[in-house]
Structure formats: structure tokens, C-alpha cells
Amino acid sequence: MDLSRFPRRRYTEGHTPLEFLPHFTKALRATCGPDGGPNVWIKRDDMLGLTPGGNKTRKLEFLVADALAQGADTLITCGAPQSNHCRATLSASIKEGLKCRFVIEERVPNSYKEDASGNNFLFRLLGVEAITVVPAGTNMLEAMQKVAADLAKAGRKGYIVPGGGSNAIGGLGYVACAQELQQQFFEQGVRIDKVVVGSGSSGTHGGLLAGFMGNHINIPIVGIGVSRDPADQNPLVHKEAQAVADLLGLGMTIPPEAVVSHGDWWRPKYSVPNQAMVEAVQMLARTEAVLLDPVYTGKIMAGLIGLARKGFFRKDENVLFLHTGGAPSLHAYEAEVLGLTELPA
Ligand SMILES: *Cc1c(COP(=O)(O)O)cnc(C)c1O
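(A) Inspection of the sheet that holds strand β4 (residues 99-106) at higher detail. The four strands lie next to each other as β5-β4-β3-β6, forming an open sheet whose pairing is parallel. Looking along the sheet, the strands with just one partner apiece sit at the ends: β5 (130-135) and β6 (158-160). On average, adjacent strands in this sheet sit at an angle of 20 degrees to one another, irrespective of strand direction. Both strand β3 (residues 74-79) and β6 contribute to a ladder of three bridges, which runs parallel. Bridge pairing in β6 places Thr-74 opposite Gly-158.

Written out as C-alpha cells, the structure reads:
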């Protein structure tokens, strides 16, 4: 599949590492009962470029190239109060000499605090031009279009990056990741049986699925919902994967049954900490010195751990965890991840 037809900026030098996690695998197996657990591998997309990287970096390589091609001078995007995507978009705008504005959705009422730590601190340090805070349920596209209209009145040109960078263009970033993985599997002689990936705005899950199918990589992708159960999440992922496949001109219909996700681990609510997340964050930190985050990767890894304990993976199966980043928001939840507060299971 030829991705070179699409304009792309580069924010990462080379490939992110693909590594086995020996100590975590051993610790997980010790809790999986007599049947044992899988071998766990990690794809370090938390080590992508931008300050610091994560899955949004791959999407932004294609989205920002499109913005530049259209002559934009300002990136406009949206997200939750601790949005990694907003921070990564701001970081890309700085690298490109563009301005950046956010619309922040308070999905949990009064949760946006300008002087909060984590990504909010980075918004200020990196110098976002303007932030509009709106209540939960606001039409985010319309809110961003309003920002674009204000800029136009001042003779400027905004480019709207969709929430999470998830549209067909952004999804190309995870097609590129599929191709990178295919090459690494071959060069490192690794045979992976399943890939576990977070599933939120869907660009990662959907883009990777389109990339796997387009490259004939027959490895099942197991999504872990970060804000929705499968009945709501799977159609979003399917739509994204199909849009990416269409943009690539694959002439392929993505079968709905290729989209698999698991819910529950995101509860009680998107971004609200739970006990299983704390266990996952502590376990990865203390067995492998890998930092997960409380909003996404902690819950996604809690899903992998929970599935392993239920016997979902065959013993000795090689399972790849896609680390999508997010570590800055650890600092907005320090007491929670240290286990110093009461949390729901
Ligand atoms: C945005 C994000 C996700 C979810 O990825 P989507 O492409 O939105 O589904 C997972 N992990 C982290 C750290 C994120 O910031």
C-alpha cells in the first residue's frame, strides 16, 4: 500500500520500539491461575515525537500536512480538559510556526481548571492562543466552526482538526503504524497473535484495522473502549476503518465482525479513575518502568490484564499492547494513581 501519495510531516525519527515485557509477563502470569497467561509485548507509541508523543502524533503528521497544503495559519481542535490530543496539536502547531486554539468540552461538570497540572499546565507552557470551554453535549464541530469564523473575520485561516484527530486523513497515521509493525515483526522475527488497542475517537483502532486488512496482516485486533461499550463503540470504529480504506482506494468493504471491542474497564465514566486502572499503572511502572496514564492506557491495560485473568488469551500466546501515550495526565491524578484515595472497582 502506497502511503507516499499523501502529504505528510514527520515528527518522529525512525520507528518506535517493539519490545517484550519479561517482568510484567511474569507478574501477570502469577495472577492468571493454573492455565497461565500470555506473553506481553509493547509497541512504544508513547515514544513518538511532540511534547511528549502518543497516538495523536501519527495522525497529526497527515492532518497538519493537509492544513499546510490548504494554507492555514491556525490549527483549531477540541477535547476533554486533560486532552492529550489538544496538547499534541498545540505542539505540532509550534513546530510548524502556526497558532493554535482549543474548544474544551467539560464532560465532567467543572472539571476544567486553568491552573491544573498535567496537560493543562502544558497548554499554558506551550502557549495556546485561546481556549473556549463549553458544557458536555455541545456540538463540538459547530463550536470549532465558530472559532474558524472569528479567525476569518480577522483575515486569518483556521484548519479544523477533528476531535482525537480521527477522520480518514488522521487514520492514515495508523495505517503507517500497521506497515511499521509489519516490518518490525519480520525484522525482529516476532509472531504476534493478538493486538490490544485503546478505542476512543476510533482513529487508532479504525486506522490500524484498515492498515492490517489492506496489508493482509491477519492478526486480530482487540479494542478496549475508553468511553463506550461495544454496542456504541464498534459502529464508530467500523465507520472510521471504512473511511480510511476508501481514502486509500482499497476497494474493500470492512466486515463489521472484524471490529471487536470490550467495554466495562472505562467505568464509572470516561476519565474518572477506577481501582483496576491504578493496579495497571502501578504494575507497569514497578515491573518495567513504563508509564501508563490514568485516562486511557491505564484502563486499556486493565482490560488486557482482566481478559488474561478470564482466560481470554491462550497460554503462551504473544499479545501486543499498543502504548498510545498520555503520561502527562498522571500529574493531574497523582494521589489516585498512588492509591491514596477511595476509588470504584
Ligand atoms: C486519544 C487517546 C487514545 C484513544 O485513541 P483514539 O484514536 O481516540 O481512539 C488512547 N490513548 C491515549 C493516551 C490517547 O490520548
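Now, onward.
(B) Helix α4 (residues 119-126), seen in detail. Asn-119, Asn-120, Leu-122 and Phe-123 are the residues of α4 that are buried. Down the axis, α4 shows its buried residues gathered within 160 degrees of arc, on one side only. Once α4 finishes, Gly-127 follows within two positions and takes phi at roughly 85 degrees, a positive value.

(C) Structural view of the state of the cysteines. Counted by the stated rule, this structure contains zero disulfides. Here Cys-78 is not cross-linked by a disulfide; its sulfur's nearest cysteine counterpart is in Cys-86, at 6.6 Å.

(D) Structural view of the layout of surface pockets. Roughly 950 Å³ of volume is contained in the largest pocket. Around the largest pocket, the lining comprises 48 residues; the ones closest to its centre are Arg-107, Gly-163, Gly-164, Gly-200 and Ser-201. Every element with two or more residues in the lining of the largest pocket is listed here: α2 (55-69), β3, α3 (84-96), β7 (194-199), α7 (203-214) and α8 (230-247). Residue classes in the lining of the largest pocket are distributed as 15 nonpolar, 24 polar and nine charged. In terms of domain composition, the lining of the largest pocket takes at least three residues from each of domain 1 (18-54 + 167-337) and domain 2 (56-164). In this structure, the second largest pocket encloses a volume near 220 Å³. Lining the second largest pocket are 16 residues, and of these Pro-81, Gln-82, Ser-111, Ser-271 and Tyr-333 lie nearest its centre. Broken down by class, the residue content of the lining of the second largest pocket amounts to ten nonpolar, five polar and one charged. No fewer than three residues from each of domain 1 (18-54 + 167-337) and domain 2 (56-164) sit in the lining of the second largest pocket.

(E) Region of interest: the packing of helix α6 (residues 168-188) against α8. Across the interface, α6 lies against α8 with an axial gap of 9 Å and an inter-helix angle of 85 degrees. Here α6 is positioned roughly perpendicular relative to α8, judged by the angle of their axes. Within the contact between the two elements, α6 uses Ala-168, Ile-169, Gly-171, Leu-172 and Val-175 and α8 uses Glu-240, Ala-243, Val-244 and Leu-247. Here the contact of α6 with α8 is composed, by residue class, of seven nonpolar, one polar and one charged.

(F) Molecular detail of unusual backbone geometry. Cis geometry is found at the peptide bond from Thr-51 to Pro-52, where omega equals -20 degrees. Tracing the sequence through the fold places Pro-52 in the loop between β2 (39-44) and α2. For the peptide bond that leads from Arg-267 to Pro-268, omega is 15 degrees, which places it in the cis range. Of note in this structure, His-216 is not a glycine but carries a positive phi near 55 degrees. Inspection of the secondary structure assignment puts His-216 in the loop between α7 and β8 (221-225). Residue class for His-216 comes out exposed when judged on its relative accessible area of 63%. Of note in the backbone geometry, Asp-264 takes a positive phi value of approximately 75 degrees without being a glycine. With respect to the element layout, Asp-264 can be found in the loop between β9 (261-262) and α9 (275-288).

Cut-offs and rules
- Residues numbered from 1 in each chain as written.
- Predicted model: local features only at pLDDT ≥ 70, side-chain atom pairs only at ≥ 80, totals over all residues.
- Heavy atoms only, no water.
- Pairing = 2+ DSSP bridges.
- Helix = DSSP H or I, 4+ residues; strand = E, 2+ residues; numbered from the N terminus.
- Axes fitted to C-alpha atoms, helices over the stretch in contact; angles between N-to-C directions.
- Buried < 20%, exposed > 50% of the residue type's maximum accessible area, 1.4 Å probe, protein only.
- Arc of directions from axis to C-beta.
- Disulfide = S-S within 2.5 Å.
- 1 Å grid on protein atoms, 1.4 Å probe; cavity = no way out; pocket = protein on both sides within 12 Å on 5 of 7 lines; lining within 4 Å.
- Points joined across faces, edges and corners; volume = space filled by probe spheres on them.
- Nonpolar A, V, L, I, M, F, W, Y, C, P; charged D, E, K, R; others polar.
- Domains from an automatic or database assignment.
- Parallel < 35°, antiparallel > 145°, perpendicular 65-115°, else oblique.
- Contact = heavy atoms within 4.5 Å.

That's the geometry; what it means functionally is another story.
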